[in-house]
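Structure assessment
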Amino acid sequence: QVQLVESGGGLVQPGGSLRLSCAASGSGFSIGSMGWYRQAPGKQRELIAALTRGGVTDYADSVKGRFTISRDNAKNTVYLQMNNLKPEDTAVYYCNALPSLRAYWGPGTQVTVSS
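The rules behind these values
- Residues numbered from 1 in each chain as written.
- Predicted model: local features only at pLDDT ≥ 70, side-chain atom pairs only at ≥ 80, totals over all residues.
- Heavy atoms only, no water.
- Helix = DSSP H or I, 4+ residues; strand = E, 2+ residues; numbered from the N terminus.
- Buried < 20%, exposed > 50% of the residue type's maximum accessible area, 1.4 Å probe, protein only.
- Phe/Tyr/Trp six-rings, centres within 6.5 Å; stacked < 30°, edge-to-face > 60°.
- Contact = heavy atoms within 4.5 Å.
- Pairing = 2+ DSSP bridges.

Tracing the sequence through the fold places Ser-30 in the loop between β3 (18-25) and β4 (34-39). The class of Ser-30 is partly exposed, set by a relative accessible area of 46%. Spatially, the C-alpha atom of Ser-30 lies 7.6 Å from that of Asn-73, the residues being 43 residues apart in sequence.

Printed below as a string of structure tokens:
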């Protein structure tokens, strides 16, 4: 059974930074193409950062130039470095496969950007 557990969220002021982690576990599971998703209050969950198995990245326009997705295959972990955070980045952040799989959704981690 695959488990993805996100961590690293919190309360940060506008302009601040956070680094999210997504640790994957499960018998024989190794991270392949992965994505970071977020769901803001009253909005649908959206894909904001993608990283293919081959190392190609892509970002939603709203985070391009501020967020960076990366991975550590040895640790089976995916990261999201978030810089210059804005109030509109407030959301619950999730990682999942790319494309996402229902069974892989974890609890997410809350990011709140507020002064």
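A few words now on the packing of aromatic side chains. Under the defined criterion, the tally for this structure stands at two aromatic pairs. On the numbers, 5.1 Å between centres and 80° between planes, the contact of Tyr-37 with Trp-105 is edge-to-face. Highlighted residues: Tyr-37 in strand β4 and Trp-105 in the loop between β9 (91-97) and β10 (109-113), separated in sequence by 68 residues. Residue classification places Trp-105 among the partly exposed positions, given a relative accessible area of 25%. Both rings, one in Tyr-94 and one in Trp-105, keep their centres 5.7 Å apart while their planes meet at 80°; by these two values the pair is edge-to-face. One end of the pair, Tyr-94, is in strand β9; the other, Trp-105, is in the loop between β9 and β10, and eleven residues separate them in sequence.

On to the side chain of Asn-76, then. Relative to the helices and strands, Asn-76 is located in the loop between β7 (67-72) and β8 (77-82). Residue contacts for Asn-76: discarding those within four places in its chain leaves Cys-22, Ala-23, Ala-24, Phe-29, Ser-30 and Ile-31.

On to unusual backbone geometry, then. Looking along the chain, the bond that leaves Leu-98 and enters Pro-99 is cis, with omega of 0°. The residue Pro-99 is located in the loop between β9 and β10 in this model. The phi angle at Asn-76 is positive, at roughly 50°, despite the residue not being glycine. Of note in this structure, Asn-84 is not a glycine but carries a positive phi near 50°. Mapped onto the elements of the fold, Asn-84 is located in the loop between β8 and β9.

Of the two faces of β10, the one holding Thr-109, Val-111 and Val-113 is buried and the one holding Gln-110 and Thr-112 is not buried anywhere. Note that strand β2 (residues 10-12) and β10 share three bridges and pair parallel. Looking across to β10, one finds that Gly-10 is bridged to Val-111.

Geometric descriptors of this kind do not, in isolation, establish any biological role.
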